[in-house]
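Fold and geometry: a report
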Amino acid sequence: MNGISTYHENTGFGARPLYARPMTSTQLKALAAAATDHPAKDLGSDHPSIEKQCRIALANCGYIDPERIEDYFDAAGYFALDKVLEQYTPRQVIQIVLDSGLRGRGGAGFPTGRKWLFAHEAPGYKKFVVCNADEGDPGAFMDRSVLELDPHAVIEAMAIAAYAVGADEGYVYIRAEYPVAVKRLNKAIGQARDYGLLGHDILGRGFNFDLHIRLGAGAFVCGEETALLNSVEGKRGTPRLRPPFPAIKGLFEKPTVLNNVETYANVPAIIRRGSDWFSSIGTDGSKGTKVFALGGNVVSGGLIEVPMGTTLRQIIFEIGNGIPDGRAFKAAQTGGPSGGCIPAEHLDTPVDYESLVRIGSMMGSGGLIVMNEDKCMVGIAKFFMEFMVEESCGKCTPCRLGTRQLLRFLEKITRGQAEMSDIEAMESLAETMRSTSLCALGQTAANPVLSTLRYFRHEYEAHVRDKRCPSRDCKFMARFVINDNCKGCRKCASACPAEAISGTAKKKHIIDGKLCVKCGACLESCKFEAVDKEW
Amino acid sequence: METSCCCGQYPLREIIQPIVERNGRDPSMLIQILHETQEAMGYLPQDVQQCIADELKMPPAEVYSVVTFYSRFTMTPKGLHTISVCLGTACYVKGAEAIIEKLKKTLAVGSGQTTADGVFTLDICRCVGACNKAPVVYVDNDQHEFVTPELMVEILSHYRDDQEYSAAESIVDPGLPEQEEAQL
């Protein structure tokens, strides 16, 4: 639990009237002028190929020492903040972000500039900026990497956002599961305070802003914005009814801007290089780049950053170098537990917000799990539903009960006890959850089921109708049978925990399928290869 | 209930008061306070929650509601070593379930349970963000990568050996903070 007890806040405004090493605007400009782009570094065949990537959010990751603010200065760090304070009014900053077309990288893809505009226009003198670093989607770790490898980019961007909306206080809500990220961010905040880049009268331009860290405690729903705000306030992380939206009434009932880590990481580059540069990358509706955490059954997994509109095929086969062990591609899962499985026929879909929704998945925070032909799609749906049952906060009924019911159906299916009418019942329940749940977690909880039903319905039908798992993945679909090699040694019968094996000594034994719990103990115990696992 | 001392063995308030103090006696810092208290004590039993509630001048029910909501807070003591098997999507696809099965069999516990000798607690945790090294298992704060069921058994034996494990010595008395600290 490193980082939890080491972290303490003691600075408020006025706590440190003189900065240890104040940074001036002139010094920043000189450093920014000398900054050069990092050459793309190819890490060899074990790593995803660098050629097709385009790094904005991850630009500094791996190139600078995250624990030295001086390294960040050398990479034109805090130059954007200086530029904003010197040259632009808050309204102009928002216009730049609007023009850039930057959209939220946390999942829903709401235009960042519009969020800022709402908070800017909201009445009230006290406002907050919050960073969502509660990266809960299983399979996504870009926020962790940005915070661990380039924490100052997030601090700088939050200061810019604070200036744009008129906030003077910010919070980073970060998972307790990421102790290194907490430690580095903490250190970075301390350094920024030393240099007068956080605190009173930043860069001598009369702008005040300070930043605090709040730790999560293991609740997936806290990635939802209103639940996150409750958690920052020290309460149970249950979502609030919207409207009012956080931009009007957010943290401590004050107007609040809330963005994801990766979204913030794009902001300094947009300010430095202009909105035209940023909007020249990507597709019509989705500008810039997206970081994906490429994982699962792929040769070279890891974090990759590609322009929006890159196809899945390019990502998986050109950057990720394909599927290992000569297996065939079956599906790619995007969007975490709220997303869906994309089959081979959609491999050429360009990856952007709209296209992914159209094929029944979503961008999500950028987890991209590749699955080969050995993975059962019903099993995957069940895996996500188990996750959702665990993580549903329980505040609203459709999500709390709906996820449990869906899981029961899926369990029935994978055990071969379901009927065809169950599939229809699942579809209707999923629709109810989508239209009546309180927050996005419940509204999208059924997506893994719906998307697998859409593209892999035949697998569901094989489970239900033929009591067979085509991918040979579902444990309960297997049948254990004793063949003629059996010497009647009784070893399997004594190993069987369910007493499902009968037969007298020195005669061939029989497994009673009704009693069998599919544990495989007989197969492990047999010395004569007399037990077959059939599908 | 007298909360200055929870069970007569160690001064509860002496542990909790400084933690509450350095978080500014601020009810909005409750989660941070609970993290630090759990780090110091190993778990958050009822009288600890009562004490925190008193210090923050808030209803104990509110503290309890937060403790039970978040999965990292526990009201039962953990074993000497906590094994956390990541069950994120990448780890699942790479076979984390087989590791869990193996652990359940080897240790004869279910998930969230502690072995009878108090050495290992088996946890299934949410994605730890090390998906490129899947499947990942944490034992205490050590990250083990590309784990297989066979490797897992080997890893376990290291932890047993390191402690010069003997069942008689390592029974954890849930009340004492010193022994709880050994696992952190």
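Structural notes on the overall build of chain B
- Looking only at helices and strands, chain B has 8 helices and 4 strands in total.
- For chain B, the sequential pattern of α-helices and β-strands runs α-α-α-α-β-α-α-β-β-β-α-α.
- Expressed as a percentage of its 184 residues, the buried residues of chain B come to 53%.
- A separation threshold of at least 6 residues defines the contact pool for chain B, and within that pool the share at least 24 residues apart is 61%.
- Here chain B has roughly 8,100 Å² of accessible surface; of this, 50% comes from carbon and sulfur atoms.

Focus on the packing of helix H6 (residues 142–149) of chain A against helix H10 (residues 261–273) of chain A
All names here are of chain A.
- At a minimum axis separation of 9 Å, H6 and H10 run at an interaxial angle of 50°. The angle between the axes of H6 and H10 places the two elements in the oblique class. The segment H6 lies against H10, with Met142, Asp143, Val146 and Leu147 engaging Val261, Glu262 and Ala265.

Observations concerning the pattern of salt bridges
Residues and elements named next belong to chain A.
- Enumeration according to the criterion identifies 39 salt bridges over all chains in this entry.
- Note that glutamate 262 and lysine 290 form a salt bridge whose closest N and O atoms lie 2.6 Å from each other. Here glutamate 262, found in helix H10, pairs with lysine 290, found in strand S6 (residues 289–296); they are 28 residues apart in sequence, far enough to count as distant.
- Here arginine 313 makes a salt bridge to aspartate 348, at a shortest N to O gap of 2.9 Å.

Regarding the environment of Gly416(A)
- Residue position: Gly416(A) is located in the loop between helix H15 (397–414) and helix H16 (420–436).
- It is 8.4 Å that separates the C-alpha atoms of Gly416(A) and Arg465(A), two residues lying 49 residues apart in sequence.

Observations regarding the domain arrangement of chain A
Residues and elements named next belong to chain A.
- One can read the domain layout of chain A as domain 1 (111–279), domain 2 (289–372), domain 3 (377–465) and domain 4 (478–534).
- Each of domain 1 and domain 3 was reduced to a C-alpha centroid, and the two centroids are 33 Å apart.
- Tallying the contact residues gives 11 residues for domain 1 and 9 residues for domain 3.
- Together, the buried faces of domain 1 and domain 3 total about 880 Å²; carbon and sulfur atoms form 78% of this surface.
- Put simply, domain 1 and domain 3 have 0 salt bridges between them.
- Residue classes in the side of domain 1 that touches domain 3 are distributed as 6 nonpolar, 3 polar and 2 charged.

Here's the deal with unusual backbone geometry
- Here the amide bond leading from Pro243(A) into Pro244(A) is cis, since omega sits at 5°, within 30 degrees of zero.
- If you trace the backbone, Pro244(A) turns up in the loop between helix H9 (225–232) and strand S5 (256–260).
- Residue Pro135(B) is bonded to the preceding Ala134(B) through a cis peptide linkage, with omega at -10°.
- Structurally, Pro135(B) is set in the loop between strand S2 (120–125) and strand S3 (137–139).
- The residue Lys518(A) is not glycine, and still its phi comes out positive at about 60°.
- Relative to the helices and strands, Lys518(A) is located in the loop between strand S13 (510–511) and helix H21 (521–525).
- In the Ramachandran plot, Phe146(B) falls in the positive-phi region, its phi being about 45° despite a non-glycine side chain.
- Along the chain, Phe146(B) turns up in the loop between strand S4 (142–144) and helix H7 (149–162).
- Owing to a relative accessible area of 48%, Phe146(B) belongs among the partly exposed residues under this scheme.

Some details on the interface of chain B and chain A
- The interface is formed by 38 residues belonging to chain B together with 51 residues belonging to chain A.
- In this assembly, chain B and chain A are joined by 13 residue pairs in polar contact (both at pLDDT 80 or more).
- Elements with a minimum of two residues in the side of chain B that touches chain A: helix H2 (30–41), helix H4 (60–69) and helix H5 (89–93) of chain B.
- Residue contributions to the side of chain B that touches chain A peak at 6 residues, all from H2(B).

A look at the sheet that holds strand S4 (residues 207–215) of chain A
Residues and elements named next belong to chain A.
- Taken in spatial order, the 5 strands of this open sheet run S3-S4-S2-S1-S5, and their pairing is mixed. What marks the edges here is a single partner per strand, and that holds for strand S3 (199–202) and S5. Averaged over neighbouring strand pairs, the angle between their axes works out to 25° when direction is ignored.
- Of the strand pairs in this sheet, strand S1 (residues 128–133) and S5 are connected by 5 bridges, and their pairing is parallel. Bridge pairing in S5 links phenylalanine 128 to threonine 256.

Thoughts on the side chain of Asp143(A)
Residues and elements named next belong to chain A.
- By secondary structure assignment, the location of aspartate 143 is in helix H6.
- One buried charge, aspartate 143, has no salt-bridge partner; the nearest side chain with opposite charge is lysine 290, at 6.7 Å.
- One polar contact links aspartate 143 to asparagine 260, side chain to side chain, over a distance of 3.0 Å.
- Those residues within four positions of aspartate 143 in sequence are excluded, and the remaining contacts are Asn132, Glu135, Asn260, Val261 and Glu262.

Here's the deal with the pairing of S6(A)
Residues and elements named next belong to chain A.
- Taken across its 8 residues, S6 has 8 buried, putting it largely inside the fold.
- Inspection of the sheet shows S6 paired to strand S7 (residues 302–307) by 6 bridges, in the antiparallel sense. Across the sheet, valine 291 pairs through a bridge with glutamate 305, a residue of S7.
- Relative to strand S10 (residues 367–372), S6 runs parallel, the two sharing 4 bridges. Bridging across to S10, glycine 296 finds its partner in valine 370.

Observations regarding the packing of aromatic side chains
Residue and element names in this part refer to chain A.
- Here the structure, examined in full by the defined rule, presents 14 aromatic pairs over all chains.
- One aromatic cluster is present, formed by Tyr72, Phe73, Tyr78 and Tyr195 through successive ring pairs.
- The positively charged end of arginine 144 is found above the aromatic ring belonging to tyrosine 178, 5.3 Å away from the centroid.

What counts, and at which threshold
Residues numbered from 1 in each chain as written. Chains lettered and ligands numbered in written order. Predicted model: local features only at pLDDT ≥ 70, side-chain atom pairs only at ≥ 80, totals over all residues. Heavy atoms only, no water. Helix = DSSP H or I, 4+ residues; strand = E, 2+ residues; numbered from the N terminus. Buried < 20%, exposed > 50% of the residue type's maximum accessible area, 1.4 Å probe, protein only. Contact = heavy atoms within 4.5 Å. Areas by Shrake-Rupley, 256 points an atom, 1.4 Å probe, with all protein chains shown as cover. Axes fitted to C-alpha atoms, helices over the stretch in contact; angles between N-to-C directions. Parallel < 35°, antiparallel > 145°, perpendicular 65-115°, else oblique. Salt bridge = Lys/Arg side-chain N within 4 Å of Asp/Glu carboxyl O. Domains from an automatic or database assignment. Buried area = accessible area lost by both parts, 1.4 Å probe. Nonpolar A, V, L, I, M, F, W, Y, C, P; charged D, E, K, R; others polar. Polar contact = N/O pair within 3.5 Å; in protein donor to acceptor, adjacent residues only side chain to side chain. Pairing = 2+ DSSP bridges. Lys, Arg positive; Asp, Glu negative; His and termini not counted. Phe/Tyr/Trp six-rings, centres within 6.5 Å; stacked < 30°, edge-to-face > 60°. Lys NZ or Arg CZ within 6 Å of the ring centre and 35° of its normal.

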